[in-house]
Amino acid sequence: LRTRAGRVEVAEAPLPERQIRMRLLAGTARARVVAWGEHLSKSYGERSILSDASFKLRQGDRVALMGANGTGKTTLMRLLSGETFPDPPASEQAAPPTLQFAGGVTVASLDQIWHGLTPGEGLRAQFERRFGNRTNGLLGRAGFTEADWPKTPEQLSGGERARAGLALVSALRADVLLLDEPTNHLDVEALQALEGAVQAYAGAVVIVTHDRRFAREVATRLWVIEDRELREVAGWGAREYGDPARSLEGDPPPPPPPPTPRQRLGRLETRLGEVRRDLDALPGSLSGREEGRLRAQAHALQQELYALYAEVHAAPQWDEQVREPPLTVRAQRLGDWAGGGGGGMFWAAHDESCPHLAWDGRTLRFSGPVEAWYGAALLGGALRVLFERWNVGRAQLGEAGPVLTRRQYFERTGTVRPAGPPGWSPLPAAAPLLRSSG
Ligand SMILES: Nc1ncnc2c1ncn2[C@@H]1O[C@H](COP(=O)(O)OP(=O)(O)OP(=O)(O)O)[C@@H](O)[C@H]1O
Ligand SMILES: [Mg+2]
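It should be emphasised that the depicted structure is a prediction, and the values quoted were computed from it without experimental measurement.

## Points about the overall build of the protein
Link 1 in the chain: Of regular secondary structure, the protein possesses 12 helices and 17 strands.
Link 2 in the chain: In the protein, which comprises 438 residues, the proportion classed as buried is 41%.
Link 3 in the chain: Contacts spanning at least 24 positions in sequence make up 62% of the contacts within the protein whose residues lie at least 6 apart.
Link 4 in the chain: Element-wise, carbon and sulfur atoms account for 50% of the exposed surface of the protein, whose accessible area totals about 23500 Å².

Written as structure tokens, this is what we have:
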């Protein structure tokens, strides 16, 4: 055995089994709200599956659609993709169903079974039919080799089928993606590639998945179907439900801000730690290929981490940081505080395009137009820093806005509990305040 082993040629370093590069390109539609529906019901025969669903989908929304088997997720996706139609109104008085896409919006969908592929047709043949000479590149990036080209979707493994389907939509440049369980059968590499691709996708996407970790990683909104109703869940682990179409009236809140570099840093460090642990914990038990794959993964994560470290540490320092859900508000003192000319700056994300609040020692001003929820959280955080930490006595909101005093603040937040009038509410619900001050 030793002699034979000596004859075996060993490659320099084990290469990853295959590399998947996935990129989902968005279309060019400019609408802010890309799709909306109301009074959507669906029954099969006597059995009602969905009842009076409404929703609104905005550019950039990443919706995870979850729910137990058979609750109607695929049915809703088929309604959205136009493969099936909503029931007509139950009576003449009932409002008719509407389902609309904004002008110019293109939609691509992957069904749960065939992932958008045509059964019976070879892999390369169906890509070539659609994408001509881009075929080889597309299939190569999705991890397919020549040996896979003649295979029909029936012959592909579940994971291969999912990858091929994703390669298909990646090339379509759609504004809305409807993906029904794309994560089924995907291995770790493919899952990570999909995660990154969805996060970077600029259009709107609805993904049915049973993978909570995946959903948590990529989604900005969470819809569930329960008791035939489509509901929006307020947050991870939350038990409160909202209405997925709440934004049909009034101004919708934008999706939560993307994770800050610091948050991404934490996640990457955890992931790298896990990969390293696998490498260390199992000496000898990994095949050469597996080990090579883990090493390549650790290397890629390390590179990404270096880039992030650079980004995070280039961000300016802050003096105070308070948590004002869903934001973390940071503040930096500016000017001459000892001489009585102190001001400050409050922000939630170190990003030029993100509105911030400036304090000139008297007045608090937003740097630009701001969504109510974002403004309320930023203002809430700023007031906490001003009154609780910087001991400021009073602050005026904008040029002609209300003046808030430190005493009032403490009374309202309950730090000092006065006998409040009926209907009294604590300050952090500052949204109405904001609106009244323009
Ligand atoms: N064409 C049909 N005719 C009759 N019943 C149907 C039809 N399509 C779906 N159903 C039924 O409607 C219910 C919802 O099906 P659907 O495929 O939407 O569930 P799902 O939430 O996607 O489930 P899963 O998580 O298993 O994919 C199921 O009970 C299913 O049997
Ligand atoms: Mg389904």
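## Some words on the sheet that holds strand β15 (residues 363–366)
Link 1 in the chain: Spatial ordering of the open sheet is given by β11-β12-β13-β14-β15-β16-β17, a layout of seven strands whose pairing is mixed. Each having just a single partner strand, β11 (320–324) and β17 (403–405) make up the two edges of the open sheet. If you compare each strand with its neighbour and ignore which way they point, the axes differ by 25° on average.
Link 2 in the chain: Its contacts with the sheet place helix α10 (residues 372–389) against β11, β12 (327–336), β13 (341–347), β14 (357–359), β15, β16 (394–397) and β17, and it is angled at close to 135° to β11.

## Some points on the site of ligand 1
Link 1 in the chain: The local shell around ligand 1 holds 14 residues, among which Asn69, Gly70, Lys73, Thr74 and Thr75 are the closest.
Link 2 in the chain: Within the side chain of Thr74, one N or O atom sits 2.7 Å away from an oxygen atom of ligand 1.
Link 3 in the chain: Protein coverage of the free-state accessible area of ligand 1, which is 640 Å², stands at 62%.
Link 4 in the chain: Mapped by element, the contributors of at least two residues to the shell around ligand 1 are β2 (47–58) and α2 (73–81).
Link 5 in the chain: Element by element, the count of residues in the shell around ligand 1 is highest for α2, at three residues.
Link 6 in the chain: Its residues placed into classes, the shell around ligand 1 shows three nonpolar, eight polar and three charged.

## Details of the coordination of the magnesium ion (ligand 2)
Link 1 in the chain: Within the protein, the magnesium ion (ligand 2) binds to Thr74 (OG1) and Gln112 (OE1); these donor distances fall in the range 1.9 to 2.2 Å. Remark: Gln112 occurs in the loop between β5 (107–110) and α3 (123–131) and Thr74 occurs in helix α2; sequence separation between them is 38 residues.

## Quick notes on the sheet that holds strand β6 (residues 176–180)
Link 1 in the chain: In space, the seven strands of this open sheet follow the order β5-β6-β7-β3-β8-β9-β10, with mixed pairing throughout. This sheet does not close on itself; its edge strands, each paired only once, are β5 and β10 (241–242).
Link 2 in the chain: For strand β3 (residues 62–66) and strand β8 (residues 221–226), the ladder comprises four bridges, and the chain directions are parallel. Looking at β8, one finds that Val63 is bridged to Arg221.
Link 3 in the chain: Running over the sheet, α2 touches β3, β5, β6, β7 (204–208), β8 and β9 (229–233) and is turned about 150° from β6.

## Digging into the pairing of strand β1 (residues 33–44)
Link 1 in the chain: Pairing of β1 with β2 involves eight bridges; the strand directions are antiparallel. Each residue of the ladder has a partner; that of Ser43, found in β2, is Ser48.
Link 2 in the chain: The hairpin turn running from β1 into β2, its antiparallel successor, is two residues long, and Gly45 in that turn takes a positive phi close to 60°.
Link 3 in the chain: Relative to strand β4 (residues 98–101), β1 runs antiparallel, the two sharing four bridges. Across the sheet, residue Ala35 finds its bridge partner in β4, namely Phe101.

## Thoughts on the confidence of the model for the protein
Link 1 in the chain: For the protein, per-residue confidence averages 81 on the pLDDT scale, and 83% of positions sit at 70 or higher.
Link 2 in the chain: The lowest-confidence element of the protein is helix α12 (residues 431–436), averaging 37 in pLDDT; the highest-confidence one is β7, averaging 95.
Link 3 in the chain: Counting contacts from residues 248–255, a segment whose pLDDT is below 50, to residues more than four positions away or on other chains yields 20 contacts.
Link 4 in the chain: In this model residues 416–438 is a low-confidence stretch, pLDDT under 50, and it forms 28 contacts with partners more than four residues away in sequence or in other chains.

## Notes on helix α5 (residues 158–170)
Link 1 in the chain: With 13 residues, α5 extends 18 Å between its outermost C-alpha atoms, agreeing within 8% with the 18 Å of an ideal straight helix rising 1.5 Å per residue.
Link 2 in the chain: Taking burial as the measure, the 13 residues of α5 include 13 buried ones, the bulk of the element.

## Quick look at the packing of aromatic side chains
Link 1 in the chain: Evaluation of the coordinates by the stated rule reveals five aromatic pairs.
Link 2 in the chain: Relative to Tyr374, the ring of Trp373 has its centre 5.7 Å away and its plane inclined at 85°; by these criteria the two rings are edge-to-face.
Link 3 in the chain: With relative accessibility at 7%, the residue Tyr374 sits in the buried group.
Link 4 in the chain: The aromatic ring of Trp149 is capped on one face by Arg124, whose charged end is 4.6 Å from the ring centroid.
Link 5 in the chain: Lying across the ring of Phe144, Arg163 places its NZ or CZ 4.9 Å from the centre.

Rules and cut-offs
Residues numbered from 1 in each chain as written. Chains lettered and ligands numbered in written order. Predicted model: local features only at pLDDT ≥ 70, side-chain atom pairs only at ≥ 80, totals over all residues. Heavy atoms only, no water. Helix = DSSP H or I, 4+ residues; strand = E, 2+ residues; numbered from the N terminus. Buried < 20%, exposed > 50% of the residue type's maximum accessible area, 1.4 Å probe, protein only. Contact = heavy atoms within 4.5 Å. Areas by Shrake-Rupley, 256 points an atom, 1.4 Å probe, with all protein chains shown as cover. Pairing = 2+ DSSP bridges. Axes fitted to C-alpha atoms, helices over the stretch in contact; angles between N-to-C directions. Near = heavy atom within 4 Å. Polar contact = N/O pair within 3.5 Å; in protein donor to acceptor, adjacent residues only side chain to side chain. Nonpolar A, V, L, I, M, F, W, Y, C, P; charged D, E, K, R; others polar. Donors = N, O, S within 2.8 Å, 3.2 Å for Na, K, Ca; no water. pLDDT = per-residue confidence, 0-100. Expected span 1.5 Å × (residues − 1). Phe/Tyr/Trp six-rings, centres within 6.5 Å; stacked < 30°, edge-to-face > 60°. Lys NZ or Arg CZ within 6 Å of the ring centre and 35° of its normal.

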